[in-house]
Amino acid sequence: MSERSRHSSWQVHHRSVISCRRCPRLVAWREQVAHEKRRAFLDWDYWGKPVPGFGDHQARLVLIGLAPGAHGSNRTGRMFTGDSSGDTLYPALHRAGFASQAHATDRRDGMQLIDTYITALARCVPPGNKPVAEELNNCRPYLREEMRFLKRAEVVLALGGMAFNGYLRALREMGFDPPRLKFSHGAWHPIDAGLPVLAACYHPSRQNTQTGRLTEAMLEAVFKRIREHLDGGRGVA
């Protein structure tokens, strides 16, 4: 496929994501949040639509989260941007050389991901941050398509157990037969020849960071291992 064709395919994919209305509950909620807003963001024109993936289309590292935040990505229109999860994630990506800057405030802030692509299981903000099974099923084709496009991917980092299990389900739907794996922070799973390594990390949510379940040092260690792997240190156990 030519570079022009790949670019066109990505454009079609992003338009398809942004225009999606498959899940009535999520459509109603994302639009309600965008209309009512949070007091701190009353002057914002909320995105209020499905949030497409973001980053380098030639990426070797793919991050998978759960879903947009109500007043983060659903407001800014970019993954992990404008909320506390992004305030934890992007500085770690920057320190590891995967992001051009440490802070993400909106989709026009100049942030560039380096050798990295960020996506999620669900593209619309769910009530209570809990998408239901049918909604995840409706959204998973977008993840499968992205993984088919991201042919240079060497590591998939699942942020949280739902992302971990959702990615494995997507692989099975794509015709692969990954082993039955259990999520645990810091896990490193070389799955099969031709597939990226699957790494696992607690989600950088406020709930995890404020309770100490995920510390800056723990997140830094995850990205250090990924950096070593991509730089050639494939013998790391």
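Above this text is the structure in question.
Owing to the predicted nature of the structure, the values given are computational and were not obtained by experimental measurement. (Residues numbered from 1 in each chain as written. Predicted model: local features only at pLDDT ≥ 70, side-chain atom pairs only at ≥ 80, totals over all residues. Heavy atoms only, no water.)

Another aspect to go through is the overall build of the chain. A tally of helices and strands in the chain yields eight helices and six strands. In sequence order, the chain lays out its α and β elements as α-α-β-β-α-α-β-α-β-α-β-β-α-α. Seen through its C-alpha atoms, the chain measures out along the principal axes to roughly 50 × 40 × 35 Å. Scored against the burial criterion, the 237 residues of the chain give a buried share of 51%. Element-wise, carbon and sulfur atoms account for 50% of the exposed surface of the chain, whose accessible area totals about 11,500 Å². Across the chain, 34 positive and 23 negative side-chain charges occur, with their mean positions spaced 3 Å apart. (Helix = DSSP H or I, 4+ residues; strand = E, 2+ residues; numbered from the N terminus. Buried < 20%, exposed > 50% of the residue type's maximum accessible area, 1.4 Å probe, protein only. Areas by Shrake-Rupley, 256 points an atom, 1.4 Å probe, with all protein chains shown as cover. Lys, Arg positive; Asp, Glu negative; His and termini not counted. Charge placed at Lys NZ, Arg CZ, Asp CG, Glu CD.)

Turning our attention to the environment of proline 52. Looking at the element boundaries, proline 52 is found in the loop between helix 2 (24-36) and strand 1 (54-55). Along the sequence, proline 52 and histidine 14 sit 38 residues apart, while their C-alpha atoms lie 5.8 Å from each other. Those residues in contact with proline 52 that lie beyond four places of it in its chain are His14, Val17, Ile18, Trp47, Gly77 and Met79. (Contact = heavy atoms within 4.5 Å.)

Time to look at the nonpolar core. Leu93, Leu157, Phe223 and Ile226 are the most contacted members of the largest nonpolar core, which has 61 residues in total. If you tally residues by element for this core, the top one is helix 6 (residues 161-173), at six residues. Among all residues touching phenylalanine 223, those that are not within four sequence positions of it are Leu61, Leu63, Leu89, Ala92, Leu93, Ala96, Phe98 and Leu157. (Core = buried A, V, L, I, M, F, W, Y, C linked by side-chain atoms within 4.5 Å.)

Attention now moves to the pattern of salt bridges. The tally for this structure, following the rule as stated, stands at ten salt bridges. One salt bridge in this structure joins arginine 78 and aspartate 109, with 2.9 Å as the shortest N-O distance. Linking arginine 78 in the loop between helix 3 (73-76) and helix 4 (84-95) with aspartate 109 in the loop between helix 4 and strand 3 (116-120), this pair joins segments that are 31 residues apart in sequence. Using a relative accessible area of 4% as the deciding quantity, one classes arginine 78 as buried. A salt bridge links arginine 144 to glutamate 173; the shortest N-O distance between them is 2.6 Å. (Salt bridge = Lys/Arg side-chain N within 4 Å of Asp/Glu carboxyl O.)

Turning to the environment of cysteine 201, a few remarks are in order. Within the element layout of this structure, cysteine 201 appears in strand 6 (residues 197-201). Each C-alpha atom, one on cysteine 201 and one on glycine 160, is 6.0 Å from the other, the two residues being 41 residues apart in sequence. When sequence neighbours within four positions are dropped, the list of residues in contact with cysteine 201 reads Leu157, Ala158, Leu159, Gly160, Phe183, His185, Leu214, Leu219 and Val222.

Three or four residues apart is the spacing at which side chains of an α-helix point the same way, because the helix has 3.6 residues per turn. An ideal rise of 1.5 Å per residue puts 18 Å on 13 residues; helix 6 measures up with 18 Å between its terminal C-alpha atoms. Of all the residues in helix 6, the buried ones are Ala163, Phe164, Gly166, Tyr167, Leu168, Ala170 and Leu171. Buried-residue contacts for helix 6 involve strand 2 (61-65), helix 5 (133-149), strand 4 (155-159), strand 5 (188-189) and strand 6. (Expected span 1.5 Å × (residues − 1).)

To continue, consider the packing of helix 4 against helix 8 (residues 216-230). The contact between helix 4 and helix 8 brings their axes to 10 Å, and the two run at 45°. Here helix 4 is positioned oblique relative to helix 8, judged by the angle of their axes. The crossing of helix 4 and helix 8 is right-handed. Side by side, helix 4 and helix 8 meet where Thr88, Leu89, Ala92, Leu93 and Arg95 of the first sit next to Glu216, Leu219, Glu220 and Phe223 of the second. Of the residues in the contact of helix 4 with helix 8, the class split is five nonpolar, one polar and three charged. (Axes fitted to C-alpha atoms, helices over the stretch in contact; angles between N-to-C directions. Parallel < 35°, antiparallel > 145°, perpendicular 65-115°, else oblique. Left-handed = near helix turned anticlockwise from the far one by under 90°. Nonpolar A, V, L, I, M, F, W, Y, C, P; charged D, E, K, R; others polar.)

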